[in-house]
Amino acid sequence: LPDLVPVPDPAPGIGFCKLDNQGRLVVTVKNQGGADAPASTTRVTFSTSAGDVVVDVPTPALAKGASVDLAPLDIPSGCYNPDCDFRITVDANHEVTESNEGNNAASGICLG
């Protein structure tokens, strides 16, 4: 079965706060399972001063062992308060039958 997981940036100290040169969040999804995964949805929930902002991002089908950087996401205003907390949930709509459903989410923080 496939097993989709969010992947932290390999650079020390970055964790899940991988930003492009325009300051947008880049989320990486990997299929670490033993079978190909169909297309799914990845959800990023930003904690802002006005409440949660939820962004759903289409995630393409992934062959076993493959990973993909999703389209960069604008960080909503009010998220840096002073830091920006967010949560990544791969296969947010449970579209993929996975070998492990317990590793689909990760929390991140971008320092303000």
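Residues numbered from 1 in each chain as written. Predicted model: local features only at pLDDT ≥ 70, side-chain atom pairs only at ≥ 80, totals over all residues. Heavy atoms only, no water.

Strand order across the open sheet formed by 3 strands is E1-E2-E5, with antiparallel pairing between neighbours. The sheet terminates laterally at strand E1 (4–7) and strand E5 (67–69), the two strands that pair on one side only. Recorded for the sheet is a direction-independent mean angle of 25 degrees between the axes of neighbouring strands. The sheet contact formed by strand E2 (residues 28–31) and E5 spans 3 bridges and is antiparallel. Across the sheet, Lys30 pairs through a bridge with Ser67, a residue of E5. (Pairing = 2+ DSSP bridges. Helix = DSSP H or I, 4+ residues; strand = E, 2+ residues; numbered from the N terminus. Axes fitted to C-alpha atoms, helices over the stretch in contact; angles between N-to-C directions.)

Below, the discussion takes up the packing of aromatic side chains. A full pass over the atoms with the stated rule returns 1 aromatic pair. With centroids separated by 6.2 Å and ring planes inclined at 50 degrees, the aromatic side chains of Phe46 and Phe86 adopt a geometry described as tilted. Of this pair, Phe46 sits in strand E3 (residues 40–48) while Phe86 sits in strand E6 (residues 84–89), and the two are 40 residues apart along the sequence. Each of the two residues, Phe46 as well as Phe86, counts as buried. (Phe/Tyr/Trp six-rings, centres within 6.5 Å; stacked < 30°, edge-to-face > 60°. Buried < 20%, exposed > 50% of the residue type's maximum accessible area, 1.4 Å probe, protein only.)

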